[in-house]
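Understanding the architecture of this molecule
The lines below spell out each chain.
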Amino acid sequence: WDVTYPNLTWERGNTGLGCIYLKTMNKVIAFGGNKCPIPEYPDVLHDDVWIHHMKGREWSKITRMPYEMSHFGYTICPNERFVYISHVKHGVYRLCLNSWKWYKSTKVEAPTKEFHGIHVCSNEKYIKRNKNRINDMFLGWGYIRYVYKYGGYKRNLKMLSAKTMNIIIDYILDGKEEYLHVVDCSPKANGAHFRYAITELFDDAKPIKVKPPIQPQPRRPN
């Protein structure tokens, strides 16, 4: 086994966290959770957001969650632009993976006060027509490279701002509405299902401030 000790401060474990593989970035993102899931001790919720760089094996903190929390619904959109989370107490948020900024939905709160799972999916017609289509984020970057190449800027290709990139992707997705689906996981709800259009959830959302991340020092086992 190829073992590393990144010092994630999970000495007593970490449960109820979110963990997603970002295929377009070749990274793993892990966020939130309870670092002390032991009955004899009080819970230790945290707001850390860790990024694992698959190529170099490093772990680092990019940002922090809006609140210390665990056992929340989470998902990523098909184009890997946003991570969405929904918490029974704190509400519905999304993290922009181009700018690493958090946005809170001002339209609605979580539709249920019980633990629930969430997923982002396009409308049914778009899924059937484009089920084998390439990620729209790749299409956006392909378009940018084309403009730079034939516009005489090949040597000066730089990363666009998150706002500009999202405008391009929104243009590609025009008419292809995405929905946030929520399923209540409690026994009494018997799988209650809710759906809300993403554009309506975050159409007037603004970035919220979070605490700056503190990078831990690498450690070795005793």
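The shown structure was predicted, so the numbers you read here are calculated from the model rather than taken from an experiment.

Okay, the overall build of the protein next. Of the regular secondary structure elements, the protein holds 4 helices and 12 strands. Put simply, the protein has 222 residues, and 41% of those count as buried. Put simply, 56% of the contacts in the protein that link residues at least 6 apart link residues at least 24 apart. Accessible surface computed for the protein: about 13,800 Å², of which carbon and sulfur atoms make up 54%.

So, about the packing of aromatic side chains. Scanning the entire structure with this criterion turns up 5 aromatic pairs. Where Phe-72 meets Tyr-74, the ring centres are 6.1 Å apart and the plane angle is 65°; that geometry is what we call edge-to-face. On the accessibility criterion, Tyr-74 (28% relative accessible area) is partly exposed. Here Tyr-84 and Phe-202 contribute two aromatic rings whose centre-to-centre distance is 5.8 Å and whose plane-to-plane angle is 55°, an arrangement assigned as tilted. One end of the pair, Tyr-84, is in strand 6 (residues 82–87); the other, Phe-202, is in helix 4 (residues 198–202), and 118 residues separate them in sequence. The structure contains a cluster of three or more aromatic residues connected by ring pairs, namely Phe-31, Phe-72 and Tyr-74. Between the NZ or CZ atom of Arg-12 and the centre of the ring of Tyr-41, over which it lies, the distance is 4.5 Å. Lying across the ring of Tyr-93, Lys-104 places its NZ or CZ 5.6 Å from the centre.

What counts as what
- Residues numbered from 1 in each chain as written.
- Predicted model: local features only at pLDDT ≥ 70, side-chain atom pairs only at ≥ 80, totals over all residues.
- Heavy atoms only, no water.
- Helix = DSSP H or I, 4+ residues; strand = E, 2+ residues; numbered from the N terminus.
- Buried < 20%, exposed > 50% of the residue type's maximum accessible area, 1.4 Å probe, protein only.
- Contact = heavy atoms within 4.5 Å.
- Areas by Shrake-Rupley, 256 points an atom, 1.4 Å probe, with all protein chains shown as cover.
- Phe/Tyr/Trp six-rings, centres within 6.5 Å; stacked < 30°, edge-to-face > 60°.
- Lys NZ or Arg CZ within 6 Å of the ring centre and 35° of its normal.

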